[in-house]
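# Structural description and commentary
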Amino acid sequence: GGDITSFLAGMEHAIKDCKKRNSDGSMCVINMSLNLYMHGQSANHAVANAVSQGIVVVVAAGDDENGDCILKPMSAPEAITVSTADKDDMWVLGNYGSCVDFYA
């Protein structure tokens, strides 16, 4: 597993790399499948920072059967949060709640 320090360093690297490769940032997407179990907002602030710079951030909702949207960065309002589904319905273990934008 990772920690918040590694996550923040990775986000900063992705933002800098996007700026280096695309001067307007419009062609960049950060896609993450992780959950940071913490109460601080550092991860969500990092997502908001990336989005404010024109980067699309897509995050997995996780698979803890959790509906309270406390996990980071899935709870970042600026992120596109995707949970799991099968052909008939959302997956039984998939996280859900007001922070989930799509089921796929």
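As a reminder, the structure under discussion sits directly above these lines.
Below, the structure is looked at part by part. (Residues numbered from 1 in each chain as written. Predicted model: local features only at pLDDT ≥ 70, side-chain atom pairs only at ≥ 80, totals over all residues. Heavy atoms only, no water.)

Right, let's get into the sheet that holds strand S2 (residues 56–60). Sheet architecture is open: 4 strands sit in the order S1-S2-S3-S4, paired in parallel fashion. Where the open sheet ends on each side, the last strands, each with one partner, are strand S1 (29–32) and strand S4 (102–103). (Pairing = 2+ DSSP bridges. Helix = DSSP H or I, 4+ residues; strand = E, 2+ residues; numbered from the N terminus.)

Met11, Met32, Ile55 and Val57 are the most contacted members of the largest nonpolar core, which totals 23 residues. Each residue touching Met32, except ones within four places of it in the same chain, is listed here: Phe7, Met11, Val47, Val57, Val58, Val59, Ala60 and Pro73. (Core = buried A, V, L, I, M, F, W, Y, C linked by side-chain atoms within 4.5 Å. Buried < 20%, exposed > 50% of the residue type's maximum accessible area, 1.4 Å probe, protein only. Contact = heavy atoms within 4.5 Å.)

If you check which residues of helix H2 (residues 42–52) are buried, you get Ala43, Asn44, Ala46, Val47 and Ala50. For H2, the arc enclosing every buried residue in end-on projection is 155°, short of the 170-degree limit, so these residues lie on one face. Opposite the packed face of H2, turned more than 90 degrees from it, sit the exposed residues His45 and Ser52. In this fold, the buried residues of H2 make contact with helix H1 (4–21), S1 and S2. A positive backbone phi angle near 90° is found at Gly54, which sits one or two residues after H2. (Arc of directions from axis to C-beta.)

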